[in-house]
Amino acid sequence: MIEPLTGKVLRSIRGHFWVAAGDEVFHCLARDSLIKASKGSTPLTVGDDVRFELVDEANREGIIIEVLPRRTKLSRRVQPSSSEGSGYEDVVAANVDQLVIVASVRQPPLRPGLIDRYLVAAGKGGLDPIICLNKIDLAQPREVEPVVEIYRDLGYPVILTSARSGQGVDELRHHLKDKISVFAGHSGVGKSTLLKQLCPGIEVKVAEVNPKTGRGRHATTAAQLVPLPEGGYVIDTPGIRQFGLWDLTLEDVQTYFVEIAEAARGCRFRDCSHTVEPGCAVRQAVQQGRIHPQRLEHFLRLREESKQARAF
Ligand SMILES: Nc1nc2c(ncn2[C@@H]2O[C@H](COP(=O)(O)OP(=O)(O)OP(=O)(O)O)[C@@H](O)[C@H]2O)c(=O)[nH]1
Ligand SMILES: [Mg+2]
Ligand SMILES: [Zn+2]
């Protein structure tokens, strides 16, 4: 009997997994018990480290028998099909070091609310966030500057790129070297086009944004892990329409809006809601320009969402 091999899931499509081990890629299925044990969450995802047994060595086919513990994960909430229940957890990628939040400044338009959601998801999942504002060839610098300033002031790396002209791609490459990073964002923001710039010669599908709706066309349909020429990996993911946070608690919202968490320590009331109370240090910081009003708005929105999620 051959010892099981250890490998990394590169791609997962409807119960089929492509697992890299050494220099080879194996096509694997998963043992039924693994699927059952996952209790509705994603049993196996891109980036998972797995143990598998060879079924057919010549054809490089195997069966996954164990998923090793996940170091980090990027999860999202999938809406339930009926109004009952709170949906289920979709683990988009596992064992990733960094979340590259890709947004475009135009076509589709910039949506800072989504950036703030992803920052919470990164914090919860143990990933370091990087914000990549793409398509800067389509905007004036002064349109982008206010957004750059919000996030740089918070200490997050913000990279301005044009996957079309190549501007900023070297800086992005520098941040990705020797790390495992996942690209996430709306459809059409240019995730796959950036990947093409990073890995010349790679074959990935990209599609024009619909000029009528300004929306992407969901060119990428499954996540996949791609090695970078200079070391490290990138996981390209399908664009999302909405990003629901899985298992969002009040504490998460209070922790991962870092500047609000810090200012809140100065509020007169410990359970201050930062809306109407006297002596609210958060609202004061907003008035003094130390916290961006939009961040407080998104904080309040996500806090509401966390309460609703608990109500199920
Ligand atoms: N002007 C301009 N267009 C870009 C840039 N980056 C990507 N595009 C275009 O935007 C469109 C969408 O790009 P994709 O790379 O398919 O976007 P995606 O984020 O991978 O989209 P999904 O796979 O659907 O999630 C394509 O027509 C690209 O050529 C850029 O920096 N500037
Ligand atoms: Mg894509
Ligand atoms: Zn307050």
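Computed from a predicted model, the values in this text were never measured in an experiment.

**Concerning the domain arrangement of the chain**
Item 1. Taken domain by domain, the chain holds domain 1 (5–67), domain 2 (73–236) and domain 3 (250–310).
Item 2. Taking only C-alpha atoms, the centre of domain 1 and the centre of domain 3 are 43 Å apart.

**Comments concerning the site of ligand 1**
Item 1. Close contacts around ligand 1 come from 25 residues, with G190, S192, V206, T220 and G239 the closest.
Item 2. Examining the composition of the shell around ligand 1, we find that three residues originate from one element, helix α5 (residues 191–198), more than from any other.
Item 3. Classifying every residue of the shell around ligand 1 by side-chain character gives eight nonpolar, eleven polar and six charged.

**Overview of the pairing of strand β2 (residues 16–21)**
Item 1. Across five bridges, the pairing between strand β1 (residues 5–13) and β2 is antiparallel. Its bridge partner lying in β2, V9 is registered against V19.
Item 2. Connecting the antiparallel pair β1 and β2 is a turn made up of two residues, with R14 showing a positive phi of about 40°.

**So, the nonpolar core**
In summary, soluble globular proteins display a tendency toward joint burial of nonpolar side chains.
Item 1. Counting 72 residues, the largest nonpolar core has L99, I101, V182 and I235 as the members making the most contacts within it.
Item 2. Looking at this core, the element that brings in the most residues is helix α2 (residues 112–125), giving six residues.
Item 3. With near-sequence residues (within four places) excluded, V182 lies in contact with L74, V92, A93, V96, L99, V100, I235 and T237.

**Considerations on α5**
Item 1. For α5, a buried count of seven out of eight residues is recorded, marking the element as mostly surrounded by other parts of the structure.
Item 2. By the burial criterion, the buried members of α5 are K191, S192, T193, L194, L195, Q197 and L198.
Item 3. For α5, the secondary structure elements touched by its buried residues are β8 (98–104), β9 (128–134), α4 (169–176), β11 (180–184), β12 (224–227) and β13 (233–236).

**Section: the environment of L248**
Item 1. With respect to the element layout, L248 can be found in the loop between β13 and α6 (250–256).
Item 2. By the C-beta count within 10 Å, which is 24 here, L248 ends up buried.
Item 3. When the C-alpha atoms of L248 and G123 are compared, they prove to be 12 Å apart, with 125 residues separating the residues in sequence.

Criteria and thresholds
Residues numbered from 1 in each chain as written. Chains lettered and ligands numbered in written order. Predicted model: local features only at pLDDT ≥ 70, side-chain atom pairs only at ≥ 80, totals over all residues. Domains from an automatic or database assignment. Near = placed C-beta within 6 Å. Helix = DSSP H or I, 4+ residues; strand = E, 2+ residues; numbered from the N terminus. Nonpolar A, V, L, I, M, F, W, Y, C, P; charged D, E, K, R; others polar. Pairing = 2+ DSSP bridges. Core = buried A, V, L, I, M, F, W, Y, C linked by C-beta atoms within 7 Å. Buried ≥ 20, exposed ≤ 12 C-beta atoms within 10 Å, placed from the backbone. Contact = placed C-beta atoms within 7 Å.

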